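Architecture at a glance
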Amino acid sequence: MKPHVSLIAGIFLSLCASLAQAADIPISPAQAAVAKAPSGSTTDHSKLEALKGPFKTGPEVTKACLSCHNEAGHQVMKSIHWTWEATSKTTGKKLGKQHAANNFCGSTLSNEPRCTSCHAGYNWTDKNYDFANQENVDCLACHDTTGSYKKIATDAGHPLYEPREIPKGSGKIVQPPDLTRIAQHVGAPGRQNCGACHFNGGGGDAVKHGDLDTSLLKPSKSLDVHMASDGANMGCSDCHTFNAHQPSGSRYAVNPKDTKGFDLPVDDHNRATCESCHGLKPHQEAKLNHHADKVACQTCHIPEFARGGIATKMLWDWSTAGRKDENGKPVYIKDDHGHLSYSAEKGDFGYGENVRPKYRWYNGVVHQMAITDKIDAYLNQDGILEMNRVEGSARDPKARIWPFKEMHGKQPYDPVNRTLVVNHVYGADDTAFWTNFDYEKSIKAGMDYAGFPYSGKFDFIETRMNWFITHMVAPKDQAVPCAECHTRSSDGRLAEITDIYLPGRDRNPWIDLFGGLAIVGAIGGGLIHGLVRIITRRRKENEQ
Amino acid sequence: MSAERIYIYKRYERFWHWSQALLIITMMITGFEVHGSYALLGFEQAVHFHTLAAWTLLTLWAFTIFWQFTTGEWKQYLPSLKNVLAMVNYYLIGIFRDAPHPFRKTVVQKHNPLQRLAYLALLAFISPLIWVSGLLYLFYGNWQELGIAQYLNLEWVAVAHTLGAFLITAFFFIHVYLTTTGHTVFAHIKAMITGWEEVDEHHKKH
């Protein structure tokens, strides 16, 4: 009996030990995202005949995928990830990366092979791209689960197919990914898939959004309560739900106020609002729930953005670009934190970490400028170009106060035609700005290529852009304290929101003056009356 | 000459007075913090305690109104213009000359005519101003569902509430000062604590 027991105990103990050991092995972010839960898939892709390979190119893999998933290509080709075109539901305007202007790189036109490294497809090398060819859909960018699939920055959406020295002259040879193995290990998208593009928007980690960067691959709970492994451990598509490959949630028309609340199975399967999961009354205190009538959840629950230790770009001044040193070499300057503060290719940069957002009313309407629009309708009273003014006011029942990253820019425009310009930045030719550092040539080339009218004159204009802050939600105990808005301090978070009466900040100066005098009068009157009583009594006592 | 002592403030009345005093002081301190006059507890805690004290006082008042009517004490607040001038005259002149107090407290008439007027003003003007504006302020988030949003504006509600707050605060200081005008400085306060008031003491020389 005894040896038997000890045998079982021994097995048990060693099992525990091996489990403990397994838990100690550090897991990569990609694994963490994927290993979250068994996928429950009914197909083991590695056993499929169609995926035996070997695959030499991305489109070959796509062809194999489509041999079973025969609707997938058509679905993807309707999505913004493919078309880079979206019609705003609120303004009816045609937007998307093909049309919308921004104050980062400017325009995809004439720069396609570089920009389309984040296209959910292959081969978008110029403006004559065939959007109807489903074999150019890139399945792997979103469905690779190995973490080894990478669209190379300069090859129009393709991964590497041959070993290549990157960057040129560095001596570092980068190996192409094993497409066959990747194809056999496809699955539901994880945060690494989405993040490959969305964390790196604007040309690098954290550059564009401020609330999206690689710190979200493995965030602490205080950085992102939803994505932390000790938090809800959710992935992007848990909120940005997909319906037939159409993502939900768009910055061109963020839902300003979800009045439906919980997203039920009978609803539209769009969970890209807080209310979809938290409902309309998430707080115990009614006063806080009522705040949500006028204040977006994000406003209190994302106290700062760029909190993950990676700085986001706050300023991009193109007007200073092109500087060369005495040897004719383009100038690059790094600041104390190792950030590029000046680049001959791009101009001056400003960065921010742990940045307090700007707050504005937003009612669902974004006046997003297109690259072809006249600037005049978008200039504010200071002559600054507001590229995506958000609409709303206190009186607007649809509007709530939302947090934004306010991106400052200065970029080339045509002062005669009063439009922005297409700047041809990328390419191994004699006009591209990043190779030749000559705006005269690069803007002319960009405008000619795009077929937009250009006067031949350019100047630089100051620009502002609003980026919705909706990610990096902090745990509730780190929500913005009441007094950071309800304060008389000129530094209050809502100091710029002046069309409301804000308790703790606002008052009627006349009532305060009258009331102050009343209190001083009451105290002073009592003191004087009392003093006279004391004096007269003393006098009487002395008389006696 | 021995003082005549009468039992003027009953036990419930004293409990009401002092708990009300505590609640009003709490609301003054927290209220002016919510107003932004200073930072003490922090805005959130100030709102919390202000609201809590308001509900507690409303509850206290519910009992007190019941008490006033069942005991008939409510009659103590009926105004009378008789002798008001005498009281004014006393506070302005007589008190300094050690003149006799023109009013003699009794169990059925515990408030002097000026006091009656002051309490009535408090009850008829300041208190409705504070409570109506305060409750509207508190339920600002429900205006839409109550169907009153189009008639109201938070700024005016808040300003009205602030005005009421200033008035009651001014009243508070005058009230506290006037407690010292008994035959000794603490005589009135002592009476409000013990219930026993020494009356007819003004002949006595100190």
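Residues numbered from 1 in each chain as written. Chains lettered and ligands numbered in written order. Predicted model: local features only at pLDDT ≥ 70, side-chain atom pairs only at ≥ 80, totals over all residues.

Describing the overall build of chain A
What chain A contains, in helices and strands, is 16 helices and 17 strands. Nonlocal contacts in chain A, meaning residues at least 24 apart in sequence, comprise 68% of its contacts between residues at least 6 apart. (Helix = DSSP H or I, 4+ residues; strand = E, 2+ residues; numbered from the N terminus. Contact = placed C-beta atoms within 7 Å.)

Details of the packing of helix α4 (residues 113–138) of chain B against helix α6 (residues 154–178) of chain B
Residues and elements named next belong to chain B. α6 packs onto α4 with a crossing angle of 140 degrees between their chain directions and a minimal axis gap of 8 Å. Comparing the axis directions of α4 and α6 gives the class oblique. Both α4 and α6 take part in a crossing whose hand is left-handed. Of the residues in α6, those touching α4 at Leu-122, Ile-126, Leu-129, Ile-130, Ser-133, Gly-134, Leu-136 and Tyr-137 are Val-157, Ala-158, Ala-160, His-161, Leu-163, Gly-164, Ala-165, Leu-167, Ile-168 and Phe-171. Looking at the contact of α4 with α6 residue by residue, the classes come out as 14 nonpolar, 4 polar and no charged. (Axes fitted to C-alpha atoms, helices over the stretch in contact; angles between N-to-C directions. Parallel < 35°, antiparallel > 145°, perpendicular 65-115°, else oblique. Left-handed = near helix turned anticlockwise from the far one by under 90°. Nonpolar A, V, L, I, M, F, W, Y, C, P; charged D, E, K, R; others polar.)

Digging into the confidence of the model for chain A
Residues at a pLDDT of 70 or more form 93% of chain A, whose mean pLDDT is 91. For the stretch residues 13–36 of chain A, pLDDT sits under 50, and the model shows 19 contacts to residues farther than four places along the chain or on other chains. (pLDDT = per-residue confidence, 0-100.)

Observations concerning unusual backbone geometry
All names here are of chain A. Looking along the chain, the bond that leaves Gly-53 and enters Pro-54 is cis, with omega of -5 degrees. Considering the arrangement of structural elements, one finds Pro-54 in the loop between α2 (29–34) and α3 (58–68). Along the chain, Ile-166 connects to Pro-167 via a cis peptide bond; the corresponding omega equals -10 degrees. Relative to the elements of secondary structure, Pro-167 occurs in the loop between β3 (164–165) and β4 (173–174). Of note in this structure, Trp-84 is not a glycine but carries a positive phi near 50 degrees. Counting through the fold element by element, Trp-84 comes out in the loop between α5 (80–83) and β1 (86–87).

Section: the interface of chain B and chain A
When the parts of a complex come together, some accessible area is lost, and that lost area is often used as the size of the interface. Contacts between chain B and chain A engage 24 residues on the former and 29 residues on the latter. Those elements that place two or more of their residues in the side of chain B that touches chain A are α2 (43–71) and α6 of chain B. No other element matches the 13 residues that α6(B) contributes to the side of chain B that touches chain A. Taken together, the residues of the side of chain B that touches chain A sort by class into 14 nonpolar, 7 polar and 3 charged.

Quick word on the confidence of the model for chain B
Residue and element names in this part refer to chain B. Looking at chain B, the pLDDT average stands at 89 and 95% of residues meet or exceed 70. Within chain B, the element-level pLDDT minimum falls on strand β2 (residues 196–199), averaging 80, and the maximum on helix α1 (residues 11–34), averaging 97. This stretch, residues 202–206, has a pLDDT under 50; its non-local contacts, to residues over four places away or in other chains, come to 5 contacts. Taken together, the chains of this predicted complex give a pTM of 0.88 and an interface ipTM of 0.90.

Here we look at helix α15 (residues 439–450) of chain A
Residues and elements named next belong to chain A. Under the 1.5 Å per step criterion, the end-to-end length of α15 is 16 Å for 12 residues, consistent within 8% with the ideal 16 Å. By the burial criterion, the buried members of α15 are Ser-442, Ile-443, Ala-445, Gly-446 and Met-447. Buried residues belonging to α15 abut β15 (400–414) and α14 (433–436). Directly beyond the C-terminal end of α15, a positive phi value near 80 degrees is found at Gly-451. (Expected span 1.5 Å × (residues − 1). Buried ≥ 20, exposed ≤ 12 C-beta atoms within 10 Å, placed from the backbone.)

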